[in-house]
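Coordinate inspection notes
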Amino acid sequence: EFIKVSELANKMSIKSVELIKKMISFGIIATINQLLNQKTAQLIAEKMGHKVILYNKNDLEKSIICDRVIDNTLLKERPPVVTIMGHVDHGKTSLLDFIRSTRIAKKEAGGITQHIGAYQVKTKKGLITFLDTPGHAAFTSMRARGVKITDIIVLVVAVDDGVQPQTIEAIQHAKAANVPVLVAINKIDRIESDPEQIKHALMKHDIVPEEWGGDNIFIQVSAKTGKGIDDLLNLILLQAEMMELKAIDQGLARGVVIESYIDKGKGPIATILIQEGTLKKGDIILSGCSYGKVKAMTNEVGKNINKAIPSLPIVILGFSSLPEIGSVMYALNDEKKARELAIYRQEKNRENKLDKNRRLKLDNIFENMKEENILSLNIVLKSDVQGSLEAICEALLKLSNSEIKIKIIGSGVGAITETDATLALASNAIIIGFNVRAYTSSKQIIEKEKLDLRYYSVIYTLINDISNAMKGMLSPEY
Ligand code: GDP
């Protein structure tokens, strides 16, 4: 750790010239911008009669917490944050879309609803925040990072399909996270069916309706006709009321990054769910290794917002780099502190990464192969259309030679899913997206596990890259 002569002078409330003169008398010749190491600076300060408090970056981390309002008498009720889970095709997206379109679009005249990862709706009885990424991966990845953002899980079960593997998975996730489950039996417009059967099936997994002595609320809905959805919203609020959800809405804000991407024109953009305090335009923010200043805040219809309080999701412009999804964002009272912490965390991350085993990357595949004796290059390939998928598969397989085999262990049409990512992870494969991108939830896995993901839009470039990588693998390195 170093300090500039001018900064040291500043801390001792003397002019830099004075300090430089004093230092000469101690036998140290220095210029105003010169960096002094901690020991020297300490010695100088002590010689000049100052008590030295050594600066510790860990204290800086701690100060983030210390700077916050922690007066429990200031706790206020806050809206619940809800995640919708359930088996594929049971209607999670439809439900989220129905609620969004009926509750937001019409109210905000002229506003175009955007998918920002979450949205808040107003009902007569109160506000509700919905996380807009259905499915379990987003939920689990947040939990894996130790952040809890979901207060209530709405478990969607299609009445005509009943309890399915992912229904059970969702229950397990909910139980593990200790989040209450409200069951929405969906698609009731479809058949005259028997929800009793679903109740019985769920009982086996410890989801018991209130009328049977349990503590799970059940409601029948149709995401298609909208039947029951107002009741669902009311019941969510009822559940929330029982939970007495509270947060302090004053002081420096804390939130969680739930979406982030780079906009070509505007730079890094992040959706933040505020959990504590008030975030204001102009606030200094820090999230993981990225920091910045809130230049603009908007809501899910692109409306400008000046202040954001707990449970409100907002889109923030102003991060200097892309903040990681699932990381905690803090507002700080000092830009210098934010910058220092960001750099400090970067250094720490780098150290951690060096320690971690490096995964298979196209760039260092040769080393890995030597180390692990792999003689095949495994690929998970996704493409926009069947035609190019087949063409690429064929061309890739032709690259195989006597020493290295190309193995396409997974392929298909469509965006890169979580299953693709976990498949690549489990089989040490690289992932290639041809004219397709990765879902946010898959990106999380890819980033976390440091998988090699490559995007292409020209077949030739794709084949050329792989071919070159293979040549690299083969050519001996001296
Ligand atoms: P997800 O995979 O859980 O997100 O399910 P989706 O929302 O994509 O829905 C799967 C299919 O079920 C779609 O074709 C929807 O139109 C349909 N669907 C969803 N909810 C309802 C409903 O309440 N009634 C009917 N009839 N169809 C529905």
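So, here is what we can say about the structure in this document. Predicted model only: the values in this text are computed from it and were never measured. (Residues numbered from 1 in each chain as written. Predicted model: local features only at pLDDT ≥ 70, side-chain atom pairs only at ≥ 80, totals over all residues. Heavy atoms only, no water.)

Overview of unusual backbone geometry
Residue serine 13 is not a glycine yet carries a positive backbone phi of 55 degrees. With respect to the element layout, serine 13 can be found in the loop between α1 (5–11) and α2 (16–25). (Helix = DSSP H or I, 4+ residues; strand = E, 2+ residues; numbered from the N terminus.)

Observations concerning the site of the ligand
For the ligand, the set of nearby residues contains 15 residues, the closest of which are Asp89, Thr93, Ser94, Asp189 and Ala223. A distance of 3.3 Å is found between an oxygen atom of the ligand and a backbone nitrogen or oxygen belonging to histidine 90. A distance of 2.8 Å is found between an oxygen atom of the ligand and a backbone nitrogen or oxygen belonging to alanine 223. Coverage of the ligand by the protein amounts to 74% of the 580 Å² it exposes when considered alone. With 3 residues, helix α5 (residues 92–105) is the single largest residue contributor to the shell around the ligand. Among the residues making up the shell around the ligand, the classes are represented as 2 nonpolar, 7 polar and 6 charged. (Near = heavy atom within 4 Å. Polar contact = N/O pair within 3.5 Å; in protein donor to acceptor, adjacent residues only side chain to side chain. Areas by Shrake-Rupley, 256 points an atom, 1.4 Å probe, with all protein chains shown as cover. Nonpolar A, V, L, I, M, F, W, Y, C, P; charged D, E, K, R; others polar.)

Let's talk about the packing of aromatic side chains
In the structure shown here, the tally under the stated rule is 1 aromatic pair. Centre to centre, the rings of tyrosine 119 and phenylalanine 130 are 5.7 Å apart; their planes meet at 35 degrees, and the pair counts as tilted. Highlighted residues: tyrosine 119 in strand β5 (residues 118–123) and phenylalanine 130 in strand β6 (residues 126–131), separated in sequence by 11 residues. Taken as a pair, tyrosine 119 and phenylalanine 130 share a single burial class, namely buried. One cation-aromatic arrangement involves arginine 437 over tyrosine 455; the distance from NZ or CZ to the ring centre is 3.8 Å. (Phe/Tyr/Trp six-rings, centres within 6.5 Å; stacked < 30°, edge-to-face > 60°. Buried < 20%, exposed > 50% of the residue type's maximum accessible area, 1.4 Å probe, protein only. Lys NZ or Arg CZ within 6 Å of the ring centre and 35° of its normal.)

As for the packing of helix α13 (residues 418–426) against helix α14 (residues 440–449)
In helix packing, the relevant descriptors are the interaxial angle and the interaxial distance, both defined with respect to the helix axes. Between α13 and α14, the least distance of the axes is 8 Å, while the angle of their chain directions is 20 degrees. When the axis of α13 is compared with that of α14, the two are roughly parallel. Residues Glu418, Ala421, Thr422 and Leu425 of α13 pack against Ser441, Ser442, Ile445, Ile446 and Glu449 of α14. Taken together, the residues of the contact of α13 with α14 sort by class into 4 nonpolar, 3 polar and 2 charged. (Axes fitted to C-alpha atoms, helices over the stretch in contact; angles between N-to-C directions. Parallel < 35°, antiparallel > 145°, perpendicular 65-115°, else oblique. Contact = heavy atoms within 4.5 Å.)

Regarding the nonpolar core
Within soluble globular proteins, side chains that are nonpolar tend to cluster in buried spots. Leu95, Phe130, Val154, Leu232 and Ile236 are the most contacted members of the largest nonpolar core, which totals 27 residues. Those elements that place two or more of their residues in this core are β4 (81–86), α5, β5, β6, β7 (152–158), β8 (181–186), β9 (217–220) and α9 (229–243). Residue contributions to this core peak at 6 residues, all from α9. Setting aside residues up to four positions removed in sequence, phenylalanine 130 forms contacts with Val82, Ile84, Leu96, Ile99, Gly117, Ala118, Tyr119, Val121, Leu233 and Ile236. Of all hydrophobic cores here, the second largest spans 19 residues; its members include Met85, Val157, Ile207 and Phe218. (Core = buried A, V, L, I, M, F, W, Y, C linked by side-chain atoms within 4.5 Å.)

Points about the sheet that holds strand β22 (residues 453–456)
Taken in spatial order, the 4 strands make up an open sheet running β20-β19-β21-β22, and their pairing is parallel. The two strands at the open ends of the sheet, each matched to only one other strand, are β20 (405–413) and β22. Recorded for the sheet is a direction-independent mean angle of 25 degrees between the axes of neighbouring strands. Helix-sheet contacts for α13 involve β19 (376–383), β20 and β21 (430–434), and the interaxial angle to β19 is about 175 degrees. (Pairing = 2+ DSSP bridges.)

Description of the sheet that holds strand β18 (residues 328–332)
Within the closed barrel, the 6 strands sit side by side as β11-β12-β17-β15-β14-β18. Their pairing is antiparallel. Within the sheet, the average angular offset between the axes of one strand and its neighbour, ignoring direction, is 45 degrees. Of the strand pairs in this sheet, strand β12 (residues 267–276) and strand β17 (residues 313–319) are connected by 5 bridges, and their pairing is antiparallel. The residue of β17 that forms the bridge with isoleucine 269 is leucine 317.

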